[in-house]
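Residue strings, one per chain:
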Amino acid sequence: MNIPMSEPITYLEAIRHAQTDCLHTDERVFIYGEDVEDPLGGAFKATKGLSTRYPERVLNAPISEDAIAGMAVGAALDGMRPIIEFQFADFAILAFNQLANHAGAGAWRHGQPCPLVARLPVGGTPGGGPFHSQMVENWLTTPPGLISVAPATVSDAYHMLKQAVRCDDPVMFYEHKALYFHQRASLSNAPEYPLGRAVVRRQGQDISLVSYSAMVWDALSAAEQLARDYQIEAEVIDLRCLKPLDMNTLYDSLEHTGRLLVCTEAWPYAGVSAEVIAQVSSQAFHLLDAPPRRLNAKDVPVPFHPHLWNAYRPNTADIVQAALDLVRF
Amino acid sequence: MNIPMSEPITYLEAIRHAQTDCLHTDERVFIYGEDVEDPLGGAFKATKGLSTRYPERVLNAPISEDAIAGMAVGAALDGMRPIIEFQFADFAILAFNQLANHAGAGAWRHGQPCPLVARLPVGGTPGGGPFHSQMVENWLTTPPGLISVAPATVSDAYHMLKQAVRCDDPVMFYEHKALYFHQRASLSNAPEYPLGRAVVRRQGQDISLVSYSAMVWDALSAAEQLARDYQIEAEVIDLRCLKPLDMNTLYDSLEHTGRLLVCTEAWPYAGVSAEVIAQVSSQAFHLLDAPPRRLNAKDVPVPFHPHLWNAYRPNTADIVQAALDLVRF
Amino acid sequence: MTLMNMSLQVRQRHLEIMLYARQVEQQITTLYRQGRISGSAYLGRGQEAFSAAAGVQLQSGDILAPLTRDCAARIAFGESLTEIFRTYLGKATGIMRGRDGNTHRGHIRTGILPMISHLGGMIAPVAGILLSRRLQGQDKLANGDLHIGMASIGDGGMSTGALHEGLNAAAVLHLPLVLLVSDNHYAYSTPSTHNYACQHLADRAVGYGIQSHQCDGNDSDACLHTLYLAVQAARQGQGSQMVVASIDRLCGHSEHDDARYIPPSVQETRKDCVELRLEQLQLSGDFSASELSALQQRIDNDIQQTLQQVSKEPEPDAQQTQWQALSHPEQLWQ
Amino acid sequence: MTLMNMSLQVRQRHLEIMLYARQVEQQITTLYRQGRISGSAYLGRGQEAFSAAAGVQLQSGDILAPLTRDCAARIAFGESLTEIFRTYLGKATGIMRGRDGNTHRGHIRTGILPMISHLGGMIAPVAGILLSRRLQGQDKLANGDLHIGMASIGDGGMSTGALHEGLNAAAVLHLPLVLLVSDNHYAYSTPSTHNYACQHLADRAVGYGIQSHQCDGNDSDACLHTLYLAVQAARQGQGSQMVVASIDRLCGHSEHDDARYIPPSVQETRKDCVELRLEQLQLSGDFSASELSALQQRIDNDIQQTLQQVSKEPEPDAQQTQWQALSHPEQLWQ
Ligand SMILES: Cc1ncc(C[n+]2csc(CCOP(=O)(O)OP(=O)(O)O)c2C)c(N)n1
Ligand SMILES: Cc1ncc(C[n+]2csc(CCOP(=O)(O)OP(=O)(O)O)c2C)c(N)n1
Ligand SMILES: [Mg+2]
Ligand SMILES: [Mg+2]
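The shown structure was predicted, so the numbers you read here are calculated from the model rather than taken from an experiment. (Residues numbered from 1 in each chain as written. Chains lettered and ligands numbered in written order. Predicted model: local features only at pLDDT ≥ 70, side-chain atom pairs only at ≥ 80, totals over all residues. Heavy atoms only, no water.)

J.: Any chance you could break down helix α8 (residues 215-230) of chain B for me, citing the residues and the numbers?
T.: All names here are of chain B. In this model, α8 (16 residues) spans 21 Å end to end at C-alpha, consistent with the 22 Å of a helix rising 1.5 Å per residue. Among the residues of α8, Met215, Val216, Asp218, Ala219, Leu220, Ala222, Ala223, Leu226 and Ala227 are the ones counted as buried. Contacts from the buried residues of α8 go to β9 (199-202), β10 (207-211), β11 (234-238), β13 (260-263) and α12 (316-327). Looking one or two residues beyond α8, the residue adopting positive phi is Gln231, at roughly 55°. (Helix = DSSP H or I, 4+ residues; strand = E, 2+ residues; numbered from the N terminus. Expected span 1.5 Å × (residues − 1). Buried < 20%, exposed > 50% of the residue type's maximum accessible area, 1.4 Å probe, protein only. Contact = heavy atoms within 4.5 Å.)

Structure (structure tokens):
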């Protein structure tokens with residue numbers, strides 16, 4: 001647990017530290033996934049050094065996503081706290097059955113919780129292409145029984161992963177690859193919120209910009225631009241937990257803004273942003289002064305070429321424009 | 001093609017007839033799935049007799065959902081028109097990768113359409129339990145490139161399946177098991193609508209009840225009860241095509257009703273009903289005189305016991321009550 | 001314990017379990033025909049000799065992941081008649097509380113895992129439990145032998161990707177998993193030739209680097225003997241084991257299936273492992289006709305009493321049901 | 001064609017393809033280091049002898065589903081340098097139009113399938129195409145031999161459920177699928193011992209009921225010979241074939257990987273199949289040093305010319321892109 005609390009670390013390091021902590025303090029914790037052992041320590045090095053310190057509890061898996069999740073289900077039922085790493089979240093589609101029908105369905109069906117954590121490197125980077133860039137929360141939130149969380153900050157990456165491991169229910173942990181190396185912060189005084197809470201990242205009166213994961217940073221820079229160039233004060237809400245949703249924090253925000261814009265990097269159809277809008281529209285219709293809106297990726301496979309990738313994903317300019325449209329509605 | 005056009009047939013027979021027609025008229029069509037060959041002709045007998053007439057083009061598959069879908073992808077790319085039968089839609093979760101990343105992603109990615117049809121027996125019946133009852137449209141609509149259709153009537157089961165086979169893009173065909181034997185109608189004068197169109201099943205001025213698949217029948221009986229007992233005239237819209245959505249038919253309806261209730265048998269979170277509400281709220285907010293609402297199954301695994309099953313799924317009484325709340329809003 | 005010195009006691013227990021399974025399932029059929037069971041009923045008729053022989057090898061602390069046709073193994077491993085009927089009848093008192101039914105019953109506390117329907121999907125979880133035991137240092141019996149995990153699969157289920165991944169992962173970790181392959185030559189209506197092209201499913205073992213064993217599922221002694229060897233190998237640290245039995249399925253795929261897809265010529269060759277065993281034991285003088293009928297009577301009494309008792313128990317109440325899939329939603333706010 | 005009478009012509013073509021692949025990939029590395037390639041670059045260094053030997057067996061109308069390290073097989077099957085560079089550079093003119101990149105290029109029209117990343121996921125589609133050909137009566141060459149489908153997999157990919165299901169389905173239908181297993185003893189950083197527990201991956205063939213073949217991937221003649229036999233067997237109706245080659249991966253998993261997880265002792269034993277072949281052919285007098293340098297020069301010219309040409313071609317324009325995943329959305333309204 002020799003984490004340099006005051007030095008700035010990256011989002012990726014925060015994830016590694018959280019795992020180190022968990023391995024150190026809780027003998028039930030083990031890590032299973034492709035290439036997680038040293039010397040590589042994971043395709044993104046998120047587990048680097050861990051198998052050297054805990055050789056029995058950091059284990060390479062065959063290229064078998066269904067078995068990786070299935071093994072974790074068994075171990076979790078037997079009292080362990082497995083953390084499984086998918087090399088890219090895109091490959092978790094092969095484990096969907098074990099995650100949904102075993103891990104998610106278990107607690108209600110037979111009464112026994114299944115405390116596993118699935119680490120899912122999500123999201124795109126230029127050149128990532130269709131199969132190493134996907135956001136997977138739209139389908140992983142559909143079956144009952146799975147918690148979904150998506151940290152946007154270094155501090156959340158650290159705290160939420162530790163909370164996820166402590167949680168008795170299975171947690172899908174979406175870590176955005178674009179944040180791995182580019183987000184840096186120190187963990188000293190890093191606030192720890194409850195796992196289920198949405199957090200207001202910036203206060204404002206004119207519009208609620210709701211997002212999660214890497215897109216929070218786009219929303220924040222859009223908010224700055226809106227303030228600077230248009231004197232519009234956007235409230236930026238980081239959902240953090242995608243299922244279940246902390247709707248009260250949203251409603252509190254909408255009480256004063258009356259305007260909702262949800263931004264995600266995921267495909268539009270039947271996703272988290274649709275769920276947010278559906279809940280707001282049906283439960284807090286009276287708070288809305290304008291139609292709720294969402295910005296999502298285009299409904300096509302994630303493109304390879306940076307030109308296409310830049311147009312595929314909503315960016316700061318798109319958010320600014322959509323916010324302007326809404327405020328001027 | 002000796003279909004007795006004037007005799008009433010079941011929804012299941014309509015599906016069988018549609019496949020017979022396709023095999024008869026189009027040599028590119030073949031059927032691949034578990035137990036589809038005679039003498040069984042499928043777990044629900046949807047292909048009964050077909051392998052006897054077309055022995056080369058109706059083929060039993062091993063219990064390998066991923067390979068079934070993957071084989072269909074290859075054959076479709078090579079110019080065939082495969083129809084694959086999943087024994088229960090619940091097992092298609094094992095084929096999600098091939099359906100999403102191969103069938104769905106292909107056309108945009110490499111320019112070649114993938115004309116396969118996946119027949120998915122969905123939905124619950126008392127005693128079906130958690131793994132033979134699921135609705136799967138919530139996650140199968142999330143990836144780009146897959147069309148999703150859900151016939152509610154005998155006529156639609158027949159026509160839409162034939163249209164799906166003619167379609168150059170991959171079609172997820174959700175056939176509800178509760179309709180297989182209980183829906184009966186004759187195909188003579190059975191109207192054929194475009195595959196993508198929503199259809200108004202009952203006209204009304206007071207509220208738009210939107211649903212699809214078996215739930216359309218609950219919506220229709222709720223509408224009758226609303227008219228009889230409360231003089232409320234509900235317009236019942238059968239979406240038929242879940243992705244892409246025919247929003248114009250909905251907007252036309254909301255023009256005069258101003259009230260929207262979406263009812264499905266699926267889980268609530270980030271599903272088709274959320275998408276409908278999100279689109280309506282953001283695109284046709286001005287048409288809404290009350291908050292849009294949805295009724296879904298409870299967010300737990302599908303229960304086995306009929307007592308629980310009856311409470312799990314929205315029924316006519318639930319729809320009536322929700323409609324009353326909305327109209328009295 | 002070899003075929004020679006296999007104690008009469010073990011063989012009698014095996015017989016008793018077979019009879020229990022057969023008679024319980026007979027009762028299930030009756031309940032099903034009476035409309036008292038919702039959904040489907042799947043039986044293990046014909047699989048009893050193999051399944052019971054597997055079950056008798058289990059020791060407290062082992063793990064069993066049965067499939068639909070493993071009534072006998074379950075009973076051998078201690079599942080009570082009460083639990084069987086409670087789950088079939090969807091009683092609130094049952095281990096599944098009416099939330100799941102028929103053969104899906106189980107709870108890790110009892111060592112019997114509640115199956116999901118997706119074939120092949122139970123293998124990796126069993127491997128996961130075995131790994132967990134190893135990591136916890138809880139993987140050994142008092143005598144130093146290893147606890148084992150048994151998982152069941154059919155000839156059809158052998159084609160699933162989940163089976164391949166789970167078995168391979170177990171083999172790589174050298175886990176004491178015993179895979180019971182009940183090759184009854186049909187997967188629902190599909191003959192094995194449409195499910196695999198190898199000569200014998202046991203040919204798969206070498207590809208996973210595990211030991212294989214075969215037996216005739218109609219021959220109780222062979223089943224007992226083979227499973228004894230396979231389980232001993234697993235317990236003694238020789239890694240995962242595959243045991244393939246040739247089984248005659250003496251029923252439809254489920255009780256609504258008349259199995260007419262099985263040609264009469266094949267039907268005729270089928271033998272009944274229970275009857276074969278009874279004949280054998282009577283011939284050898286190990287078991288008399290009167291002992292048999294007394295046993296059958298006792299089992300029947302057990303069944304009737306249990307059923308009567310269970311029938312009175314409450315069914316689940318939708319109003320009082322927590323419609324919340326998470327076990328501890330409050331933890332999200334701590 | 002046996003080892004003895006394998007024509008010099010075939011061996012020269014094989015060498016030429018190896019050299020092409022090696023030099024093209026050298027250029028890819030340069031482009032990657034120059035930052036001209038987005039994302040990753042995966043190379044087939046060390047796999048050329050096996051991959052080229054597979055590729056030279058293909059005939060027009062066959063199907064190839066290559067993976068990342070099959071540059072040689074692709075070139076042998078007719079993929080142009082132009083297409084390779086277009087896709088790596090994400091050019092709008094390329095077959096993937098910048099929508100997908102690097103080794104994902106392909107189009108069924110050319111017989112080369114565009115791979116998806118999910119390992120094992122290409123096997124069933126190849127089987128599906130072979131089934132389609134059979135159903136259409138388009139499965140034969142003029143001489144009556146069968147068209148084949150070749151699919152590539154690594155030692156790691158052999159653990160995927162998709163591989164198991166796809167290969168089994170192909171075997172059951174007795175389809176002429178040739179599975180190329182490049183066992184380079186590592187899956188990314190993971191040594192084979194963590195991916196499988198069998199002695200040799202070829203041991204898996206018997207479990208699928210298919211024929212297996214093995215060769216040393218550093219021995220070009222052995223590769224040519226083995227693939228010739230495997231492909232002939234498939235063409236002559238003997239069903240699916242598995243060919244396992246032992247390969248030395250002479251590069252990182254991808255160009256951003258230094259492969260330091262491979263112990264120096266293992267690194268040292270590695271041989272370069274291209275160099276071995278060059279030595280061999282020069283020793284035997286089949287190929288002189290001057291012929292070699294002329295050939296290398298010609299290839300290099302080709303590469304430079306193509307690259308220069310392709311570099312000028314346009315990149316995709318987001319504005320003009322149809323952001324519509326369906327190929328024929330209008331059909332929904334007909
Ligand atoms: C992955 C999956 N696909 C399909 C099914 C539907 N299904 C249930 S049992 C069965 C046949 C199983 O055959 P086999 O494994 O041989 O077992 P048997 O019934 O003969 O004991 C099928 C196809 C399933 N349960 N799981
Ligand atoms: C199903 C799946 N899981 C994970 C990955 C990520 N991945 C890409 S290559 C690779 C290693 C592949 O090893 P191997 O099959 O031996 O091929 P090699 O790279 O050695 O040629 C992994 C894990 C993937 N592409 N597909
Ligand atoms: Mg069977
Ligand atoms: Mg490898």
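J.: Got a sec to walk through the domain arrangement of chain A? Specific residues and values, please.
T.: Residues and elements named next belong to chain A. Domain boundaries in chain A define domain 1 (9-185) and domain 2 (199-327). Relative placement of domain 1 and domain 2: their C-alpha centres are 26 Å apart. Each partner contributes residues to the interface: domain 1 has 31 residues there, and domain 2 has 24 residues. Here domain 1 packs against domain 2, burying approximately 2200 Å² in sum over the two surfaces, 59% of which is carbon and sulfur. Counting the surface domain 1 buries against domain 2, the share from its top three residues, Met135, Asn138 and Ala150, is 23%. Across the contact surface, domain 1 and domain 2 share two salt bridges. The partner of Arg201 in a salt bridge is Asp156, and the shortest N-O contact between them spans 2.7 Å. Across the domain 1-domain 2 interface, the total number found is 14 residue pairs in polar contact (both at pLDDT 80 or more). Of all the secondary-structure elements, those providing two or more residues to the side of domain 1 that touches domain 2 are α5 (137-140), β6 (147-149), α6 (154-166) and β7 (171-176). (Domains from an automatic or database assignment. Buried area = accessible area lost by both parts, 1.4 Å probe. Salt bridge = Lys/Arg side-chain N within 4 Å of Asp/Glu carboxyl O. Polar contact = N/O pair within 3.5 Å; in protein donor to acceptor, adjacent residues only side chain to side chain.)

J.: Please set out the site of ligand 1 residue by residue, giving values where relevant.
T.: Of all residues adjacent to ligand 1, which total 19 residues, the nearest are B:Glu65, C:Arg69, C:Asp155, C:Asn184 and C:Tyr186. Each of chains B and C places residues near ligand 1. C:Asp155 has a polar side-chain atom sitting 2.7 Å from an oxygen atom of ligand 1. Against a free-state accessible area of 580 Å², the protein chains account for coverage of 92% of ligand 1. Looking at the shell around ligand 1 residue by residue, the class counts come to seven nonpolar, eight polar and four charged. (Near = heavy atom within 4 Å. Areas by Shrake-Rupley, 256 points an atom, 1.4 Å probe, with all protein chains shown as cover. Nonpolar A, V, L, I, M, F, W, Y, C, P; charged D, E, K, R; others polar.)

J.: Could you give me a rundown of the environment of A:Tyr230, with the residues and numbers involved?
T.: All names here are of chain A. Position of Tyr230 among the secondary structure elements: in helix α8 (residues 215-230). On a C-alpha basis, the gap between Tyr230 and Ala214 in space is 24 Å, while along the polypeptide they are 16 residues apart. Not counting chain neighbours up to four residues away, the residues in contact with Tyr230 comprise Gln225, Val320, Leu324 and Arg328.

J.: Describe in detail the interface of chain A and chain D, supporting the description with residues and values.
T.: The interface is formed by 32 residues belonging to chain A together with 40 residues belonging to chain D. Here chain A and chain D share an interface that buries about 2600 Å² over both sides, 66% of which is from carbon and sulfur atoms. Where chain A touches chain D, the interface holds zero salt bridges. The biggest single contributor to the side of chain A that touches chain D is helix α11 (residues 306-312) of chain A, with five residues. Classifying every residue of the side of chain A that touches chain D gives 20 nonpolar, seven polar and five charged.

J.: Before we move on, can you summarise the coordination of the magnesium ion (ligand 3) with the specific residues and values?
T.: All names here are of chain C. Here the magnesium ion (ligand 3) is held by Asp155 (OD), Asn184 (OD1) and Tyr186 (O), and the distances to it run 2.0 Å. The sequence motif formed by the donor residues of the magnesium ion (ligand 3) is D-x28-N-x1-Y. Of this pair, Asp155 sits in the loop between β2 (149-154) and α6 (161-172) while Asn184 is found in the loop between β3 (177-183) and β4 (186-187), placing the two residues 29 residues apart along the sequence. Residue class for Asn184 comes out buried when judged on its relative accessible area of 4%. (Donors = N, O, S within 2.8 Å, 3.2 Å for Na, K, Ca; no water.)

J.: Explain the interface of chain A and chain B residue by residue, including any values.
T.: Counting from both sides, the interface comprises 45 residues of chain A and, opposite them, 45 residues of chain B. Roughly 4100 Å² is buried in total at the junction of chain A and chain B, and carbon and sulfur atoms are behind 72% of that figure. Taken as a group, A:Trp108, A:Tyr269 and A:Phe285 account for 19% of the area that chain A buries against chain B, more than any other trio of residues on that side. Taken together, the links from chain A to chain B amount to four salt bridges. The interface formed by chain A and chain B holds eleven residue pairs in polar contact (both at pLDDT 80 or more) in total. At the level of elements, α4 (96-110), α5, β12 (241-243), α10 (272-283) and β14 (293-295) of chain A are the ones that each hand at least two residues to the side of chain A that touches chain B. For the side of chain A that touches chain B, the leading source of residues is α10(A), giving eight residues. Of the residues in the side of chain A that touches chain B, the class split is 29 nonpolar, ten polar and six charged.

J.: Describe in detail the packing of helix α9 (residues 247-257) of chain A against α10(A), supporting the description with residues and values.
T.: Residue and element names in this part refer to chain A. In the contact formed by α9 and α10, the axes pass within 11 Å of each other and the chain directions differ by 60°. Of the possible angle classes, the one that applies to α9 and α10 is oblique. Read as a crossing pair, α9 and α10 show a hand that is right-handed. In this structure, α9 contributes Met247, Leu250, Tyr251 and Leu254 to the contact, and α10 contributes Val276, Gln279, Val280 and Gln283. For the contact of α9 with α10, the per-class residue count stands at six nonpolar, two polar and no charged. (Axes fitted to C-alpha atoms, helices over the stretch in contact; angles between N-to-C directions. Parallel < 35°, antiparallel > 145°, perpendicular 65-115°, else oblique. Left-handed = near helix turned anticlockwise from the far one by under 90°.)

J.: Explain the site of ligand 2 to me, and be specific about the residues and the numbers.
T.: In the neighbourhood of ligand 2, 19 residues make up the surrounding shell, with A:Glu65, D:Arg69, D:Asp155, D:Asn184 and D:Tyr186 lying closest. With respect to ligand 2, its neighbouring residues span chains A and D. Within the contact set of ligand 2, a nitrogen atom lies 3.4 Å away from a side-chain nitrogen or oxygen of A:Gln87. Measuring from an oxygen atom of ligand 2, one finds a side-chain N or O atom of D:Asn184 at 2.8 Å. When ligand 2 is considered free in solution it has 580 Å² of accessible area, and contact with the protein chains removes 92% of it. Its residues assigned to classes, the shell around ligand 2 shows seven nonpolar, eight polar and four charged.

J.: Summarise α6(A); cite the residues concerned and give the values.
T.: Residues and elements named next belong to chain A. Its 13 residues place the ends of α6 19 Å apart at the C-alpha level, agreeing with the 18 Å of an ideal helix rising 1.5 Å per residue. Along α6, twelve of the 13 residues are buried, which leaves the element largely enclosed by surrounding structure. Three or more residues of α6 are buried, namely Val154, Ser155, Asp156, Ala157, Tyr158, His159, Met160, Leu161, Lys162, Gln163, Ala164 and Val165.

J.: Just give me the short version of the packing of aromatic side chains, but keep the residues and values in it.
T.: Within the structure shown, the criterion is met by 24 aromatic pairs over all chains. Each ring, one from B:Phe44 and one from B:Phe88, has its centre 5.3 Å from the other, and the planes form 70°; the classification is edge-to-face. Note that B:Phe44 is positioned in the loop between β2 (29-33) and α2 (50-53) and B:Phe88 in the loop between β4 (81-85) and α4 (96-110), a separation of 44 residues in sequence. Residues B:Phe44 and B:Phe88 agree in their burial class; the two are buried. Ring pairs connect the aromatic residues A:Tyr11, A:Phe44, A:Phe88, A:Phe91, A:Tyr180 and A:Phe181, which therefore count as one cluster. Here the guanidinium or amino end of D:Arg204 rests over the ring plane of C:Tyr208, the centre of that ring lying 5.5 Å away. (Phe/Tyr/Trp six-rings, centres within 6.5 Å; stacked < 30°, edge-to-face > 60°. Lys NZ or Arg CZ within 6 Å of the ring centre and 35° of its normal.)

J.: Talk me through the pairing of strand β7 (residues 241-246) of chain D; I want residue IDs and the actual numbers.
T.: Residue and element names in this part refer to chain D. In terms of residue burial, β7 counts as a mostly covered element, since five of its six residues are buried. Pairing of strand β6 (residues 211-216) with β7, which is carried by six bridges, proceeds in the parallel orientation. Among the inter-strand pairings, His213 is bridged to a residue of β7, identified as Val243. For the handedness criterion, the β-α-β arrangement of β6, helix α8 (residues 220-235) and β7 is classed as right-handed. (Pairing = 2+ DSSP bridges. Right-handed = clockwise from strand over helix to strand, strands pointing away.)

J.: Could you give an account of the environment of B:Leu40, with specific residues and numbers?
T.: Within the secondary structure, B:Leu40 sits in the loop between β2 and α2. In the structure, B:Leu40 is positioned eleven residues away from B:Ser51 in sequence and 9.9 Å away in space, judged by C-alpha atoms. Setting aside its immediate chain neighbours within four residues, B:Leu40 contacts B:Asp35, B:Lys45, B:Lys48, C:Tyr188, C:Ser189, C:Asp257 and C:Tyr261.

J.: Give me the lowdown on the nonpolar core, citing residues and values where you can.
T.: Among the nonpolar cores identified, the biggest contains 202 residues, and C:Leu179 and D:Leu179 are the most heavily contacted of them. Residue contacts for D:Leu179: discarding those within four places in its chain leaves D:Ile123, D:Ala151, D:Ile153, D:Met158, D:Leu163, D:Leu167, D:Gln241, D:Met242 and D:Val243. (Core = buried A, V, L, I, M, F, W, Y, C linked by side-chain atoms within 4.5 Å.)

J.: Go over the sheet that holds strand β10 (residues 207-211) of chain A, please, and point to the residues and values.
T.: Where strands meet in a sheet, backbone hydrogen bonds hold them as pairs that are either parallel or antiparallel. Residues and elements named next belong to chain A. Overall, mixed pairing links the five strands, which are arranged β9-β11-β10-β13-β14 in an open sheet. In the strand order of this sheet, the two ends are held by β9 (199-202) and β14, each with one partner. Direction aside, neighbouring strands of the sheet carry axes that sit 25° apart on average. Pairing of strand β13 (residues 260-263) with β14 involves three bridges; the strand directions are parallel.

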